[in-house]
Amino acid sequence: MKRTRKRSTTPSSSGSAPASPERHASKAAKEETPAYVDLDLVDSADSVRARDRDRGQRDPRDARHRPDYTAFPDAAGPPPPPPARPRETPAGGAYIPPARLRALQKNISDKNSPEFQRMTWEALKKSINGLVNKVNTGNIKLIVPELFAENLVRGRGLLCRSLMKAQAAALPFSAVYAALVAIVNSKFPQVGDLLVSRLVTQYRRAYRRNDKAICIAVSKFIAHLVNQKVAHEILALQILTLLLERPTDDSVEVAVGFMREVGSYLSDISSRATNAIFERFRTILHEGSIDKRTQYMVEVLFQVRKDKFKDNVPVDPELELVEDEDQVTHSISLDDEGLAVEEGLNVFKFDPDYAENEGKYAVLKKEILGDSDEESGDEDGDDEEEDDEDEEDAAEAMKKAREQIQIQDQTNTSLINLRRGIYLTIMSSLNFEECAHKLMKLGVKEGQEIEVCNMIIECCSQERTYVSFYGLLGERFCRLNQSWQQAFTACFEEVYKTIHRYETNRLRNVAKFFAHALATDALTWNVLALVRLTETDTTSASRIFLKILFEELNSSMGLKRLKERLSDPEMKISVDTPKGLVHRGVFDGLFPKDNPRNTRFAINYFTSIHLGALTTDLREHLKNAPKLIMQQAQEVDSSDSDSSSDSSSSSSSSSSSDSSSSNSSSGSSSSSSSSSSSSSSSSSSSSDGSNARRRKRNKRR
């Protein structure tokens with residue numbers, strides 16, 4: 001039998017005391033409030049109510065829809081609707097439909113009004129964004145003139161923002177955007193400075209937030225800017241040092257990607273710092289604190305370095321569009337404080353001098369792009385007026401350029417900067433090949449080679465002992481070009497003339513430097529034609545200089561080769577003298593034969609420095625000097641006698657007629673005189689023989 005459970009009766013039915021009113025009310029509230037609310041039912045109920053409300057509003061029987069109904073009986077009329085505001089853009093501007101924009105442009109006549117400036121600002125932003133988005137390797141040469149046609153001074157903030165957005169969205173095009181920046185930076189350095197400052201600031205922010213994606217994008221852009229010489233290589237080294245200071249998987253990955261992009265350029269510019277960075281990579285790899293994937297990336301980086309970054313060239317030849325001397329490098333470091341990012345340049349600002357600034361940029365654009373052919377269809381009169389204006393502008397520009405050149409010549413700022421750069425390059429180079437490569441990339445202009453040569457010699461003379469680095473460096477430059485050899489020849493002449501100003505240590509280093517250049521035939525031996533080795537023409541300093549020079553030549557070439565070179569008969573030079581052009585030997589001054597006193601001095605000098613074998617010809621000349629002097633005297637006497645005989649023959653011909661009449665009478669006298677002369681000659685010969693016998697007897701005694 002099924003049992004059923006009886007439901008308990010309420011207190012009121014059982015006759016017990018009734019519950020308190022508070023408990024009863026709370027119980028009723030609980031029973032009325034459902035524990036679960038169906039939202040779909042609520043939404044449907046709301047929709048029904050809204051439909052009923054709309055239906056009631058549209059009901060023609062409603063008093064509000066009657067023609068005589070007024071909501072504000074006491075007012076004159078309904079309030080005016082609020083004016084429609086244009087939709088604002090994120091940059092602070094307002095969106096204007098194209099049709100309305102064209103209508104506004106037609107109606108605006110004041111070009112200094114804020115409305116006109118806002119419209120031109122929007123057009124400038126749209127044009128810059130469009131040009132940046134469609135640039136690539138093939139059309140960059142066509143995009144650049146269009147970009148310069150826009151006001152880049154006013155829109156430099158827009159250009160930097162556009163470039164950063166485009167590069168972050170398309171990392172493979174980073175090299176193209178960097179090449180575009182390099183071209184603009186060569187004409188407007190403030191654009192490059194602003195972009196590098198913004199990139200450095202963005203990289204700091206991303207590094208603090210551990211935003212790996214932004215770090216990779218920004219570091220890649222900075223790497224290509226360093227390759228294009230827009231940013232200094234110090235910035236790249238600072239980024240690598242920061243990433244590898246406390247290595248993690250992400251920081252090492254970013255450093256590897258950055259090094260692959262900029263490693264080839266850093267190896268050429270600063271090999272010592274690059275070697276230190278790779279040593280840090282090797283240490284991290286040996287420590288094993290990173291995962292296998294990152295270790296494999298580091299190993300691949302070392303293989304790329306071994307292959308000399310053949311797949312990661314610094315600058316693609318198609319994108320190498322700016323000359324080194326035209327590029328402006330910005331020395332912004334990673335720890336610089338107060339970098340001016342100028343965020344206000346990204347938004348529109350009213351310019352009270354708008355027309356004047358636009359005119360100034362038009363002049364700059366004409367200087368950069370030249371005269372365009374867009375107005376070729378104008379009238380001839382207008383063309384002539386424009387040509388006159390162009391000539392006046394060109395004359396003013398030339399005048400300003402001359403003033404600038406004059407100021408630079410007076411202060412020698414460019415020359416001082418060049419010498420500082422040469423000195424720092426020499427001191428920071430690891431070997432002479434790297435130093436020569438860096439010095440050639442300094443952009444030394446024609447005629448400034450002598451400054452490089454003087455700085456090399458000066459650095460060599462300042463060393464405690466001679467360093468072969470400088471000799472090899474000088475040899476490399478002498479073999480590059482004839483102009484460099486002529487510059488070193490001029491330096492030798494200047495040094496020899498002012499050798500008395502040098503201290504002994506500096507003198508020794510300079511002498512060894514030129515001895516190396518002569519021994520390797522990097523410097524022509526014609527420079528020794530300047531030397532005249534006599535007691536009056538030399539000083540103690542010059543004699544010490546020549547002593548060290550020839551001792552080094554002897555140790556480098558050997559005595560035999562040195563003697564052959566100094567006795568080469570083909571070593572001739574032409575000397576311009578007041579009497580005309582004279583040809584003489586190159587080494588006639590070293591081995592003088594014009595005076596026995598000078599000859600003895602040269603022989604004694606070379607003998608004292610243990611090079612007496614070089615003076616064999618001088619000794620023979622000195623031994624035969626008396627005979628040569630007698631021959632010269634006889635030649636002088638013979639020339640005098642010839643002149644006297646010519647005069648006597650002329651006098652004898654005049655008296656021949658007088659002597660012919662007296663020949664017959666003097667025959668007997670001539671015969672007697674001949675007999676007497678023969679007897680006198682025989683007596684004189686006998687007396688000479690007796691005198692000779694007396695001398696022999698005296699010698700025996």
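Going along each chain's sequence as written, the residues are numbered from 1 onward. Side-chain atom pairs in this predicted model are given and counted only at pLDDT of 80 or more, local residue features only at pLDDT of at least 70, and totals for whole chains, interfaces and linings cover all residues. Heavy atoms throughout the structure, all of them, feed into the side-chain values; hydrogens and water do not.

Asker: Is there a simple way to think about the overall build of the protein in this case?
Answerer: Helix and strand labels come from DSSP, where a helix needs a run of H or I of at least four residues and a strand needs a run of E of at least two; each type is numbered from the N terminus. For the protein, the count of helices and strands is 28 helices and two strands. Pairs at least 24 apart in sequence give 73% of the contacts found in the protein among residues at least 6 apart. Note on contacts: a residue pair is in contact if any heavy atoms of the two residues lie within 4.5 Å.

Asker: Even after reading the chapter, I still don't get the pattern of salt bridges, so can you show me in this structure?
Answerer: Pairing between side chains becomes possible if they bear opposite charge and their charged atoms approach one another. Take a side-chain nitrogen of Lys or Arg and a carboxyl oxygen of Asp or Glu: if they are within 4 Å of each other, that pair is a salt bridge. Taken as a whole and assessed by the stated rule, the structure comprises 19 salt bridges. Taking the shortest distance from any N to any O, the salt bridge between Lys 229 and Asp 324 comes out at 3.4 Å. Of the two residues, Lys 229 sits in the loop between α10 (212-227) and α11 (233-245) while Asp 324 sits in the loop between α14 (292-306) and α15 (354-369), which places them 95 residues apart along the sequence. Each residue's exposure class comes from its accessible area (1.4 Å probe, protein chains only) as a fraction of the maximum for that residue type: buried when under 20%, exposed when over 50%, partly exposed otherwise. Relative accessible area serves as the criterion here: at 16%, Lys 229 is assigned to the buried category. With a closest N to O distance of 2.9 Å, Arg 419 and Glu 451 form a salt bridge. With Arg 419 in helix α17 (residues 413-428) and Glu 451 in helix α19 (residues 449-461), this pair connects stretches of sequence that are 32 residues apart. Here the salt bridges share partners, and the residues they tie into one network are Lys 212, Asp 250, Glu 253 and Arg 293.

Asker: Which parts of the structure should I look at to understand helix α8 (residues 174-187)?
Answerer: Think of an α-helix as turning once every 3.6 residues; residues three or four places apart then point the same way. For a helix, the expected span equals 1.5 Å multiplied by the residue count minus one. The first and last C-alpha atoms of α8 sit 21 Å apart over 14 residues, in line with the 20 Å expected at 1.5 Å per residue. For α8, the buried fraction is high: twelve of the 14 residues fall into the buried class. Looking at α8, one finds that the buried residues are Ser 174, Val 176, Tyr 177, Ala 178, Ala 179, Leu 180, Val 181, Ala 182, Ile 183, Val 184, Asn 185 and Ser 186.

Asker: Looking at this structure, I do not really get the nonpolar core. What am I missing?
Answerer: Nonpolar side chains tend to gather and get buried jointly when the protein is soluble and globular. Residues belong to one nonpolar core when they are buried, are Ala, Val, Leu, Ile, Met, Phe, Trp, Tyr or Cys, and are joined through side-chain atoms within 4.5 Å. In terms of nonpolar packing, the biggest core is built from 80 residues, with Ile 140, Leu 159, Leu 195, Leu 225 and Phe 281 touching the most fellow members. Ranked by the residues each element gives to this core, the list is headed by helix α12 (residues 249-269), at ten residues. Excluding residues within four positions of it along the chain, Leu 225 makes contact with Ala 178, Val 181, Leu 195, Val 196, Leu 199, Val 230 and Ala 231. Ranked by size, the runner-up nonpolar core spans 70 residues in total, among them Leu 418, Phe 469, Phe 545 and Phe 587.

Asker: Would you mind going over the environment of Leu 240 with me for this structure?
Answerer: Within the secondary structure layout, Leu 240 lies in helix α11. In sequence terms Leu 240 and Val 252 are twelve residues apart; their C-alpha atoms lie 9.2 Å from each other. The residues contacting Leu 240, other than those within four sequence positions of it, are Ala 255, Phe 258, Met 259, Leu 266 and Ile 277.

Asker: What exactly am I supposed to notice about helix α20 (residues 468-480) here?
Answerer: Taking 1.5 Å per residue, 13 residues should reach 18 Å; α20 reaches 19 Å between its end C-alpha atoms and fits that length. Within α20 the residues assigned to the buried category are Phe 469, Tyr 470, Gly 471, Leu 473, Gly 474, Glu 475, Phe 477 and Cys 478. Those residues of α20 that are buried lie in contact with α17, α18 (432-440), α19, α21 (482-497) and α22 (504-519).

Asker: Just checking my understanding: could you explain the packing of aromatic side chains for this structure?
Answerer: Aromatic ring pairs are described here by two measures, namely the spacing of the ring centres and the angle between the planes. Stacked, edge-to-face and tilted are the three classes for Phe, Tyr and Trp ring pairs, Trp counted by its six-membered ring, which pair at centre distances within 6.5 Å; planes under 30 degrees apart are stacked, over 60 edge-to-face, the rest tilted. Going through the model one piece at a time under the given rule, you end up with 18 aromatic pairs. Aromatic ring contacts, followed pair by pair, group Phe 488, Phe 492, Tyr 496, Phe 513, Phe 514 and Phe 545 into a single cluster.

Asker: Honestly, the environment of Gly 585 in this entry has me stumped. Any pointers?
Answerer: Position of Gly 585 relative to the elements: it lies in strand β2 (residues 580-585). On the accessibility criterion, Gly 585 (7% relative accessible area) is buried. Spatially, the C-alpha atom of Gly 585 lies 9.6 Å from that of Ser 567, the residues being 18 residues apart in sequence. Setting aside anything within four residues of it in sequence, one finds Gly 585 in contact with Met 571 and Lys 572.

Asker: I tried to follow the confidence of the model for the protein on my own but got confused; where do I start?
Answerer: Low-pLDDT stretches of the model should not have their predicted coordinates read in fine detail. Within a predicted model, pLDDT stands for the predictor's per-residue confidence, ranging from 0 to 100. Within the protein, residue pLDDT values average 78, and 68% of them lie at 70 or more. Here helix α1 (residues 11-14) is the element of the protein with the lowest mean pLDDT, 41, and α10 is the one with the highest, 95. Low pLDDT, under 50, characterises residues 82-86; the predicted model gives this stretch two contacts beyond four residues in sequence or across chains. Overall, residues 372-381 carries pLDDT values under 50, and its contacts beyond four positions in sequence, including any with other chains, amount to four contacts.

Asker: Would you take a moment to explain a negative patch on the surface for this structure?
Answerer: Taken together, the side chains of Glu 320, Glu 323, Glu 325 and Asp 326 make up a negatively charged region of the molecular surface. Within the secondary structure layout, Glu 323 lies in the loop between α14 and α15. Note on patches: the residues involved have over 30% relative accessible area and no salt bridge, like charges join within 9 Å, and the nonpolar side chains Val, Leu, Ile, Met, Phe, Trp and Tyr join within 5 Å. With residues, only the protein chains shown are counted as cover, and all accessible areas are computed by Shrake-Rupley using a 1.4 Å probe. When charges are tallied, Lys and Arg are placed among the positive residues and Asp and Glu among the negative ones, while His and the ends of the chain are skipped. Each charge is placed at NZ for Lys, CZ for Arg, CG for Asp and CD for Glu.

Asker: Sorry if this is basic, but what is going on with unusual backbone geometry here?
Answerer: Negative phi characterises most residues that are not glycine, and trans characterises most peptide bonds. Despite not being glycine, Phe 309 shows a phi value in the positive range, around 50°. Relative to the elements of secondary structure, Phe 309 occurs in the loop between α14 and α15. Among the residues examined, Phe 309 registers a relative accessible area of 5% and is labelled buried. One non-glycine residue, Glu 342, lies in the positive phi region at around 50°. Topologically, Glu 342 is positioned in the loop between α14 and α15. The exposure class assigned to Glu 342 is partly exposed, which follows from its relative accessible area of 36%.

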